Amino acid sequence: MSPPLHHINTSPTPPASADVVVIGGGIIGVFTAYYLAKRGVSVALVEKGRIGAEQSSRNWGWCRQQNRDARELPMASKSLDLWERFAAESGEDTGFHRCGLLYLSNDEAELSRWSSWRDFAKTAGVTTYMLNSRQAAQRGQATGRAWKGGVFSPSDGTADPAKAAPAVAAALIKLGGSVHQNCAARGIETEGGRVSGVITEAGVIKTKTAVLAGGAWASSFCRQLGIRFPQASIRQSILSVSPVEHRLPDALFTAGVSVTRRNDGRYALAISGRARVDVTPQFMRFAPQFVPMFAKRWRSLLPGGLQGIRGGHETLKRWRLDAPTPMERVRILDPKPDLPTIRQTHRRAVELLPELREARITDAWAGFVDSTPDGVPGIGEVPSIPGFILAAGFSGHGFGIGPGAGHLIADLATGAEPIVDPAPYRPERFSDSAWGKVADF
Ligand SMILES: Cc1cc2nc3c(=O)[nH]c(=O)nc-3n(C[C@H](O)[C@H](O)[C@H](O)COP(=O)(O)OP(=O)(O)OC[C@H]3O[C@@H](n4cnc5c(N)ncnc54)[C@H](O)[C@@H]3O)c2cc1C
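*Asks:* What exactly am I supposed to notice about the site of the ligand here?
*Replies:* Near the ligand, the surroundings consist of 35 residues, among which Glu47, Ser56, Trp62, Gly398 and Gly400 are the closest. For the ligand, whose free accessible area comes to 1000 Å², the fraction covered by protein is 98%. At the level of elements, helix H1 (27–38), helix H2 (55–58) and strand E19 (361–371) are the ones that each hand at least two residues to the shell around the ligand. Sorting elements by how many residues they give to the shell around the ligand places H2 first, with three residues. Each residue belonging to the shell around the ligand can be placed in one class, and the counts come to 16 nonpolar, 15 polar and four charged.

This is how it looks when you write it as structure tokens:
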């Protein structure tokens, strides 16, 4: 079942030309196009299905600095401000609010990792509080349990995955940007080696700059252009339950289960990191580069099935530019949730928060997370094709940094001073022999 998602109306006919064409209408694509349009750049965004219908509406909604890898922390901090500013400047509602994130634990090793992160974060100007057992019990009183400790990060928050991407696309349209749903990009045209157009199913859009914000489809698209972008999609499952009478924490992490209040009062329930790995030819191709990542996460990864192959997003086949491509055959990647995980998640949530016994399961869904070998996205112009900017591989934590990433991509596309140092994200690092450590979270 698909998660709830607001719908927006868009134009069926893309323009003949634009300064920048953005491929993909997830949170990264819409924020990129929004920040371009704000600068007066003419921008066309093409989305093969519906705005926000893949990962960007399937996530928990957490917008966090807490426990971020050092490479992503500056972008996470900027993003929180940008989420707030976006609402004020556009009048559109993404559901963002700084509710603070609560982490509870009985595991000394976990608490010690959080405490080390708190010390590191202080040096970056981020305030987060370690909770002793009394404070943890107080903040987590809805659990009715004792806790050894926890963390509360007051400046973090959540946005509403059902609303956010459509709200940003609506703001983009108000600024004069053009948005086209059910319009897949099939490939790129080049002249003298640099981008000269984007070939879509509805015709060519002439442009000098194309941004690929294609989420789980990015690697196979890059392959058509001779670009090697290692990506693995990991299938995560999640469910939502109806509102309950007593208010529970807005955003609560425990190792067993995490709970997030959505804007409509429902709660989203999920097990952090738990996922199925569906083996595909693309997975086999890049597997050696993912060994360190899988070695680090093996406890929470389970073998998957054929859904990765059925999705078509990890095909190794070359496709024609004058005939329907896999992106037109599968407009929206809507994998089936893993039922044993859904049952276990629900059971653990009810044990953790007895109040949830009254709640009814309203939806269950899954999403393919697009992971890179080091868990950090690839953002930047691809040196072999000037004018082609890659922005994918957000590795399960790209929703919260959507505004900062979009701003950075707009900076790169226009040659403006980058909002954060782009060096940690450069896509070429995946062809280096060593690309750095695997992100902790
Ligand atoms: C269960 C789950 C929980 C998560 N929880 C969180 C969280 O709490 N916080 C957080 O920060 N992140 C979270 N994430 C990760 C987050 O959702 C993603 O990192 C983020 O949404 C990625 O955004 P995106 O725009 O790159 O990709 P997507 O949202 O997947 O968008 C890519 C879009 O590109 C389109 N597209 C692809 N190829 C083409 C083409 N050729 N032509 C036209 N369109 C194309 C697709 O249709 C799709 O709409 C979670 C993810 C999942 C699955």
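Let's pick the thread back up.
*Asks:* What should I look at first to understand the packing of aromatic side chains in this one?
*Replies:* Each aromatic ring pair is characterised by the separation of its centres together with the angle its planes make. According to the stated counting rule, one finds 17 aromatic pairs in the structure shown. Between Tyr34 and Phe86, the aromatic rings sit 5.0 Å apart at their centres with planes inclined by 75 degrees, giving edge-to-face as the arrangement. On the criterion of sequence distance, the pair formed by Tyr34 in helix H1 and Phe86 in helix H3 (residues 73–90) is long-range, its members being 52 residues apart. For the residue pair Tyr34 and Phe86, the accessibility class agrees, reading buried in each case. Among the aromatic residues, ring-to-ring pairing joins Phe31, Tyr34, Tyr35, Trp83, Phe86, Phe96 and Phe399 into one connected group. In this arrangement the basic side chain of Arg139 is found over the ring face of Phe152, its NZ or CZ atom lying 3.8 Å from the centre.

*Asks:* Which parts of the structure should I look at to understand helix H6 (residues 164–174)?
*Replies:* Among the 11 residues of H6, nine are classified as buried, and the element is accordingly described as predominantly covered. Here the buried face of H6 lies against H1, strand E2 (43–46), H3 and strand E8 (178–180). Looking one or two places after H6, you find Gly176, whose phi comes out positive at around 100 degrees.

*Asks:* Would you mind going over the side chain of His397 with me for this structure?
*Replies:* The residue His397 is located in the loop between strand E21 (388–392) and helix H12 (402–414) in this model. Polar contacts involving the side chain of His397 include one to the side chain of Glu72, which spans 3.1 Å. A distance of 3.4 Å separates a polar atom in the side chain of His397 from the backbone oxygen of Gly375.

*Asks:* Any chance you could explain the packing of H1 against H6 here in plain terms?
*Replies:* Each packed pair of helices is defined by two parameters, the angle between the axes and the distance between the axes. Running from N to C, H1 and H6 point in directions that differ by 20 degrees, and their axes come no closer than 9 Å. The orientation of H1 relative to H6 falls into the category roughly parallel. Considering only the axes of H1 and H6, their crossing is left-handed. Listed contacts from H6 to Ile27, Val30, Phe31, Ala33, Tyr34 and Ala37 of H1 are Ala164, Ala165, Val168, Ala169, Ala171 and Leu172. Among the residues making up the contact of H1 with H6, the classes are represented as 12 nonpolar, no polar and no charged.

*Asks:* What is the right way to read the pairing of strand E10 (residues 194–200) from this model?
*Replies:* Residues in a regular strand project their side chains so that they alternate between the two faces of the sheet. Where burial is concerned, most of E10 is hidden: six out of the seven residues are buried. Across six bridges, the pairing between strand E9 (residues 185–191) and E10 is antiparallel. Within E10, the position partnered with Gly187 by the bridge is Ile199. With antiparallel pairing between neighbouring strands as the criterion, E9 and E10 make up a hairpin whose turn holds two residues, including Gly192 at a positive phi of roughly 60 degrees. With four bridges connecting them, E10 and strand E11 (residues 203–206) associate as antiparallel partners. In the strand pairing of E11, Ile199 is matched with Val204. Between the end of E10 and the start of E11, which pair antiparallel, lie two residues.

Analysis parameters
- Residues numbered from 1 in each chain as written.
- Predicted model: local features only at pLDDT ≥ 70, side-chain atom pairs only at ≥ 80, totals over all residues.
- Heavy atoms only, no water.
- Near = heavy atom within 4 Å.
- Areas by Shrake-Rupley, 256 points an atom, 1.4 Å probe, with all protein chains shown as cover.
- Helix = DSSP H or I, 4+ residues; strand = E, 2+ residues; numbered from the N terminus.
- Nonpolar A, V, L, I, M, F, W, Y, C, P; charged D, E, K, R; others polar.
- Phe/Tyr/Trp six-rings, centres within 6.5 Å; stacked < 30°, edge-to-face > 60°.
- Buried < 20%, exposed > 50% of the residue type's maximum accessible area, 1.4 Å probe, protein only.
- Lys NZ or Arg CZ within 6 Å of the ring centre and 35° of its normal.
- Contact = heavy atoms within 4.5 Å.
- Polar contact = N/O pair within 3.5 Å; in protein donor to acceptor, adjacent residues only side chain to side chain.
- Axes fitted to C-alpha atoms, helices over the stretch in contact; angles between N-to-C directions.
- Parallel < 35°, antiparallel > 145°, perpendicular 65-115°, else oblique.
- Left-handed = near helix turned anticlockwise from the far one by under 90°.
- Pairing = 2+ DSSP bridges.

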